[in-house]
Every structure is written in structure tokens, then in C-alpha cells.
Amino acid sequence: MLGCMSYGSSKWLDWVLNEAEGIEQIKAAYDLGINAFDTADVYANGRSEIILGKAIKKYNLPRDEIVIMTKCFQAVPHDPNFEGYLISGPDQLDRMRYTNQYGLSRKHIFDAIRKSLERLQLEYVDVYQVHRFDPNTPIEETMQALHDIVKAGYARYIGMSSCYAWQFHKMQAYAREHGLTQFISMQNYHNAVYREEEREMAPLLQDMGVGMIPWSPLARGFLTRPIETETTRGSSDIVAEIAKRRGISMAQVALAWSLSKPFMTAPIVGTTSLEKLKDIVGGVHIKLTEEEIKSIDEPYKPKPVIGHH
């Protein structure tokens, strides 16, 4: 699965690709066999969705072959030329006239998906995800709104991203109890150097039959190069050793490790380099031995929970 946070505007984040390059990378990903594309309304303040939509239209990517996923939660700036993240507390956002334009209220969910569909130039998305848990909106309101956007045809399925297991369970249980649309996916942070999701979230997803589609399986590039100066090594060193012994890249080993897990559905990969994208995709064809998997697993040490806020 291709993560599209890398496409939007270099003025938003300096490592992000602008429109022309972004469109070409999306087409290249499709040609490499990737059929699922993940974005969010907050990525480059809507530009990522625009670029994904333009790529689909320019290259006439067959709608029945691809899966389009986007997310809502944070406020998207009113000013289309605004750069950076609009991240502030609720009180400040309300003073800036963003009331009901963030979080998971019914009003925001409906307004956000309509705007996302306009930017994507699509009639519907395949999976509409909530980017974070909203402690300020009743779960009943959120789950009913998500159910209603599916009934309205704006989305085929719904998903969740980056929350605690108890939060996910509470929302999913409410949907089950009341006959509402249930989450079919969880987009969380998981890789060889951050495995806290395996304690509660991964077993919960398996029990509920929900797909796990983690972001940053390469740990923001940490697992793609040997670590010389950083003190946090552990599993990364083993990945490097396996890559050297097999004559493949560390990125391929890291992706193969993710795919070896029984609770894994499809890691989300993202890059600004076409050559790196081609290399990462090669990891799909790598099968690690049980000994190699064990050698990566064993050095792991518990870490503070991150990625939920």
C-alpha cells in the first residue's frame, strides 16, 4: 500500500514532493503492482488528495482495481496557501473560527468527506478512516455518522488510525451492538523497532477480524540504513546483517519482517524516491527464515507508547 503523505507541497514540509513528481510516483507505484493508496485531508492541507485524484484521472487508473483511502480528524486551514500544520488546542481553534471543523463530530465528518471527495474528484472512497480518537465527541455520535456516510454512498468501508486498544474496542463494540458499520482496518504505528501494538491491539484486531495496515514499517527510515552514531540499535543491527548476508537492501528485510507477522495485512510504505520505491516493493517477494525473524525479534525492548496523539 502506498502512503501519499509524501506528495503535496515542499512548502508544507521540505521533503514532500510537489504535484508533477507526485503524480508520476503514484503512476509508477500502480505499474509496480500497488493497488491501494492512503492519504488524508490534512496532508499538505488537502494537496495530497488533489494530487492523488489528478494521478487517477490523468492515467485513467481503473477505479475497480484500486483502493482509495483517506482520513479526517484535524482541522484543514481555510487559506489554501497556508503552509505547515494547523495544530492547536480546541480553545484556540474555536477562537480562530474552526468550531466543528476538527474532531469526529457528525458535522465535521460529513463536511470533511465531501471536501475530500471534491479534492479527489471521486464519487466515493473505498475506506474512510478517522485519523485519531476524539475524547470530546460521544462515540455514539461518531459511529452513527460513519455508518451514515457509508449508507449515503460516500464510502464503502470505514477504518481507524492510531489509538489505544480500549478506544478501538469501545467504538467497534458500540457499532456491533447497534447494527452499525464496523471498522474493517486499523492504521497504526508498527515496525521492527516499535512493537508495542503487539501487546493489545494486534490480538484484538485478530479476534475481531480487522485488518492491520501499519504506517512507517521502515521506522521513518531508521531501518533502511546501518546505525553508526545513534545509541538505539538492537533490531536495526540485525536487519543490516541479514541484508548484507542476502545481498538485498535493509528496506526489503524490514518489509519482509512486517509481512511475516500473522496479524499483518498490508504495511503502508512511502518515499520520495522512485528508485527506493522500486526497491521497497521488492521486499514483498522476500521470505525470511524463522531464524532470521527470531533474530530481529529477540533484541527488542519495551518502549513508551507513541503515535496516538
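Parameters at a glance
- Every chain's residues receive numbers from 1 upward, in the order its sequence appears when written.
- Confidence filtering applies because this is a predicted model: local features only for residues at pLDDT of at least 70, side-chain atom pairs given and counted only at 80 or more, and all residues used for totals across whole chains, interfaces and linings.
- Just so you know, side-chain values use all the structure's heavy atoms and leave hydrogens and water out.
- Fitted lines through C-alpha atoms give the axes, limited to the stretch in contact for helices. The angle between two N-to-C directions lies from 0 to 180 degrees.
- Put simply, DSSP marks the helices as runs of H or I at least four residues long and the strands as runs of E at least two long, and each gets a number from the N terminus on.
- An angle below 35 degrees is treated as roughly parallel, one above 145 as roughly antiparallel, one from 65 to 115 as roughly perpendicular, and anything else as oblique.
- Crossing handedness follows the turn of the near helix against the far one: under a right angle anticlockwise gives a left-handed crossing, and clockwise gives a right-handed one.
- What makes two residues a contact is simply this: any of their non-hydrogen atoms within 4.5 Å.
- Think of it in three bands: residues with accessible area under 20% of the maximum for their type are buried, residues over 50% are exposed, and the middle band is partly exposed, with areas taken using a 1.4 Å probe on protein chains only.
- Whenever two N or O atoms come within 3.5 Å, that pair is a polar contact, provided that in protein one can donate a hydrogen and the other can accept it, and provided that, for residues adjacent in sequence, both atoms are side-chain atoms.
- Any carboxyl oxygen of Asp or Glu that lies within 4 Å of a side-chain nitrogen of Lys or Arg is treated as forming a salt bridge with it.
- In this scheme Phe, Tyr and Trp rings, the latter by its six-membered ring, pair at centre separations within 6.5 Å, and the angle between planes marks the pair as stacked below 30 degrees, edge-to-face above 60, and tilted otherwise.
- To form a nonpolar core, buried Ala, Val, Leu, Ile, Met, Phe, Trp, Tyr and Cys residues must be joined to one another through side-chain atoms within 4.5 Å.
- Should DSSP find at least two bridges between two strands, the strands are taken to pair.

Draft legend 1. Representation of the packing of helix H4 (residues 106-120) against helix H5 (residues 139-151). Running from amino to carboxyl end, H4 crosses H5 at an angle of 30°, the nearest separation of the two axes being 9 Å. The angle between H4 and H5 places the two elements in the roughly parallel class. Along this stretch, H4 crosses H5, giving a crossing that reads as right-handed. Every residue of H5 that contacts H4 at Arg-106, Ile-109, Phe-110 and Ile-113 is listed here: Glu-141, Thr-142, Gln-144, Ala-145, Leu-146, Asp-148 and Ile-149.

Draft legend 2. Looking closely at the side chain of Lys-71. Examined against the element boundaries, Lys-71 turns out to sit in strand S3 (residues 67-72). A relative accessible area of 0% places Lys-71 in the buried class. A polar atom in the side chain of Lys-71 sits 2.9 Å from the backbone oxygen of Thr-39. Side-chain polar atoms of Lys-71 contact the side chain of Gln-187, separated by 3.4 Å.

Draft legend 3. Main features of the pattern of salt bridges. Overall, the coordinates contain 17 salt bridges when judged by the stated rule. Close ionic contact of Glu-83 with Arg-47 constitutes a salt bridge, the shortest N to O distance being 3.3 Å. Here Glu-83 is found in the loop between S3 and helix H3 (90-95), whereas its partner Arg-47 is found in helix H2 (residues 47-58), with 36 residues between them in sequence. Residue classification places Glu-83 among the partly exposed residues on the basis of a relative accessible area of 27%. When the shortest N-O distance is used, the salt bridge between Arg-245 and Glu-292 registers 3.7 Å. With a gap of 47 residues between them, Arg-245 in helix H8 (residues 235-246) and Glu-292 in helix H11 (residues 290-297) connect regions that are remote in the sequence. Here Arg-245 falls in the exposed class, since its relative accessible area comes to 56%. Connected through shared salt-bridge partners, Arg-195, Glu-198, Lys-261 and Asp-297 make up one network.

Draft legend 4. Structural detail: the packing of aromatic side chains. For the coordinates displayed, the defined rule picks out five aromatic pairs. The interplanar angle of 80° and the centroid separation of 6.3 Å between the aromatic rings of Phe-110 and Tyr-154 together place this pair among those described as edge-to-face. Taken together, the residues Phe-110 in helix H4 and Tyr-154 in the loop between H5 and strand S5 (155-161) connect sequence positions 44 residues apart. Aromatic pair Tyr-189 and Trp-215: ring centres 4.6 Å apart, planes at 25°, arrangement stacked. With Tyr-189 in the loop between strand S6 (183-187) and helix H7 (201-208) and Trp-215 in the loop between strand S7 (211-212) and H8, this pair connects stretches of sequence that are 26 residues apart. Residue class for Tyr-189 comes out buried when judged on its relative accessible area of 7%.

Draft legend 5. Expanded view of the nonpolar core. With 59 residues, the main nonpolar core has Phe-37, Tyr-128, Met-143 and Phe-168 as its most contacted residues. Discounting chain neighbours no more than four positions away, the residues touching Tyr-128 are Thr-70, Cys-72, Ile-109, Ala-112, Ile-113, Leu-146, Ile-149, Ala-155, Tyr-157, Ile-158 and Gly-159. Counting residues in hydrophobic clusters, the runner-up holds 14 residues, among them Ala-192, Val-239, Met-250 and Ile-293.

Draft legend 6. Representation of the sheet that holds strand S1 (residues 2-3). Ordered in space as S1-S2-S3-S4-S5-S6-S7, the seven strands form an open sheet in which the pairing is parallel. Because the sheet does not close on itself, it has two edges, and the strands there are S1 and S7. Both S5 and S6 contribute to a ladder of four bridges, which runs parallel. Counted as the bridge partner of Ser-161 is Gln-187 from S6. Along the sheet, helix H6 (residues 165-177) contacts S5 and S6; its crossing angle with S6, the most-contacted strand, is approximately 165°.

Draft legend 7. Quick look at the pairing of S3. Counted residue by residue, S3 has five buried out of six residues, so it is predominantly covered. Alignment of strand S2 (residues 36-38) against S3, held across three bridges, turns out to be parallel. In the sheet register, Phe-37 faces S3, and the bridge partner there is Ile-68. With four bridges joining them, S3 and strand S4 (residues 125-130) adopt parallel strand pairing. Opposite Met-69, over in S4, you have Val-127 as the bridge partner.

Draft legend 8. Region of the structure containing the environment of Tyr-30. Structurally, the position occupied by Tyr-30 is in helix H1 (residues 19-31). The class of Tyr-30 is partly exposed, set by a relative accessible area of 21%. Ignoring any residue separated from it by four or fewer positions in sequence, one finds Tyr-30 in contact with Phe-37, Leu-61, Pro-62, Glu-65 and Ile-66. Polar contacts involving the side chain of Tyr-30 include one to the side chain of Glu-65, which spans 2.7 Å.

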